[in-house]
Amino acid sequence: MKVRIGIGSVPLASGPGPGPELAELIDELEARHIDSLWLADTASAPTIDPVVGMAFAAGRTRELKLGTGVLVLPGRNPALVAAQLASLAALAPRRILPAFGVRSVTPAERDLFPAPDGARAALFDESLVVVRRLLSEPSVTHHGRFFHLDDASVAPLPARPLDLWLGGRAPAGLRRIGRLADGWLGSAVTPEEAGVARSLIEETAKDAGREIEPDHYGTNIAVIPPGATVTDAAIARIARRRPDLDPKLLVAHGWDAAREQVRRFVDVGLTKFVVRPAGTIPSWRGFLDQFTAEITGLEAELSS
């Protein structure tokens, strides 16, 4: 299995912000042959919209993979999402990595993605089915609870169907991955929790007559690098996501701790990682200097 480690944007760090800063980050990632860039779906934060950012990055690069980490699907029209992904896949073949979520992690943004009361999970499931069918079939007729399509299509169809990954850590969400998705991108989980999550996904997939590829399990890793500034407010945000855990268990303090976290996740079967700076970093270039020196060698070391 191939271990791959990319970079994730966060609104708490210094970028990627509008315009030149995102361009600089993309160019640095491509020049350093870093695996991937994952753009957060945070409409109210000073970051670039993930779909717009992926298109911008696709036009500047030839190798860099581009992912959403994660794109909220309920509240978006799944046919239009499929059309956007098809266009991106045409611009950057085999480099587009869509990952979806049920709702925004930012409470203030949840009203931006409306869903009928009590039906968000059902809306998500049907939306995912519509996206998958449109990205893999030349003509789709679908009559469900929320969407009705007659001979609908998006073009150009990807030469190879896109793998659709999901976030989440609740048991219901993990079972959804086993039933409907192609991979898992975790967040705010410990290695022990990730191992349990993988087992549940595999068990559910088997019960559904499906199989998730063994290297399609990954997670986000937050790291406080030397020189970063971490405020009490930043720690409080992390604590709100997992009030049941000590925030120190979810954040790697320094690169030694980040490497150890990666190894522990690999031990429980995860191979794909999105490293995000926790707090405010002086510059992306300095962060990438450290990342390149401290982390990229793990890809070859841990791949089997």
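What comes next concerns the included structure. Position labels on residues start from 1 in each chain and follow its written sequence. Given that the model is predicted, a residue must reach a pLDDT of at least 70 before its local features are reported, and side-chain atom pairs must reach 80 or more before they are shown or counted; all residues, however, enter totals for whole chains, interfaces and linings. As a convention, hydrogens and water are excluded, and side-chain values are obtained from all of the structure's heavy atoms.

## Some thoughts on the overall build of the chain
We count it as follows: Numbering of helices and strands runs from the N terminus; a helix is a DSSP stretch of H or I covering at least four residues, while a strand is a stretch of E covering at least two. Radius of gyration here is computed from C-alpha atoms only, and the compact-globule reference equals 2.2 Å multiplied by the residue count raised to the power 0.38. Each residue gets one of three labels from its accessible area relative to the maximum for its type: buried under 20%, exposed over 50%, partly exposed in between, using a 1.4 Å probe on protein chains only. What makes two residues a contact is simply this: any of their non-hydrogen atoms within 4.5 Å. In this charge count, Lys and Arg are treated as positive and Asp and Glu as negative; neither His nor the chain ends contribute. To locate a charge, take atom NZ for lysine, CZ for arginine, CG for aspartate or CD for glutamate.
A tally of regular secondary structure across the chain gives 10 helices and 13 strands. In summary, the chain has a C-alpha radius of gyration of 18 Å against a globular reference of 19 Å for 304 residues, a match within 12%. In terms of principal-axis extent, the alpha carbons of the chain reach across some 55 × 40 × 40 Å. By residue count, 51% of the 304 residues in the chain fall in the buried class. Pairs at least 24 apart in sequence give 73% of the contacts found in the chain among residues at least 6 apart. Counting 34 positive and 37 negative side-chain charges, the chain places the averaged centre of each group 1 Å from the other.

## Observations concerning the pattern of salt bridges
Rules: The salt bridge definition used is simple: a Lys or Arg side-chain nitrogen within 4 Å of an Asp or Glu carboxyl oxygen.
Following the criterion strictly, the structure yields 20 salt bridges and no others. For Asp41, the salt bridge is made with Arg76, and the minimal N-O distance between the two is 2.8 Å. With Asp41 in the loop between strand 2 (36-39) and helix 2 (50-60) and Arg76 in the loop between strand 4 (71-72) and helix 3 (78-91), this residue pair connects regions lying 35 residues apart in the sequence. Between Asp256 and Arg259 there is a salt bridge, with its nearest N and O atoms 2.1 Å apart. On the criterion of helical spacing, the pair formed by Asp256 and Arg259 is a turn pair, its members being 3 residues apart in helix 8 (residues 255-267). By relative accessible area, Arg259 is classed as buried at 17%. The structure contains a network of salt bridges with shared partners spanning Glu24, Glu28, Arg32, Arg285 and Asp289.

## Description of helix 6 (residues 191-207)
Short version of the rule: Expected span of a helix, by definition, is 1.5 Å for each gap between consecutive residues, and there is one gap fewer than residues.
With 17 residues, helix 6 should reach 24 Å at 1.5 Å per residue; the first-to-last C-alpha distance of 25 Å fits that figure. Residues of helix 6 that are buried include every one of Pro191, Ala194, Gly195, Ala197, Arg198, Leu200, Ile201, Thr204 and Ala205, and no others. Lining the buried residues of helix 6 we find helix 5 (171-180), strand 10 (183-186), strand 11 (217-224) and helix 8. Of the residues one or two after helix 6, Gly209 is the one with positive phi, at around 75°.

## Some thoughts on the side chain of Arg242
Note the cut-off: Polar contact is the term for a pair of N or O atoms within 3.5 Å; when the atoms are in protein, one must be able to donate a hydrogen and the other to accept it, and sequence-neighboring residues count only if both atoms are side-chain atoms.
Along the chain, Arg242 falls in the loop between helix 7 (232-241) and strand 12 (251-253). Judged by relative accessible area, Arg242 falls into the buried class, the value being 5%. From its side chain, Arg242 meets the backbone oxygen of Ala188 in a polar contact 2.8 Å long. In this structure the side chain of Arg242 is engaged in a polar contact, spanning 2.7 Å, whose partner is the side chain of Asp244. Among residues more than four places away in sequence, those in contact with Arg242 are Arg169, Ala188, Val189, Glu193 and Leu250.

## Some points on the pairing of strand 8 (residues 148-152)
Just so we agree on the cut-off: Think of it this way: DSSP has to see at least two bridges between two strands before they count as a pair.
As judged from the 3 bridges shared by strand 7 (residues 140-143) and strand 8, these two strands associate in the antiparallel manner. Along strand 8, the bridge assignment pairs Val140 with Ala152. Where strand 7 folds back onto strand 8 in an antiparallel hairpin, the turn is made up of 4 residues.

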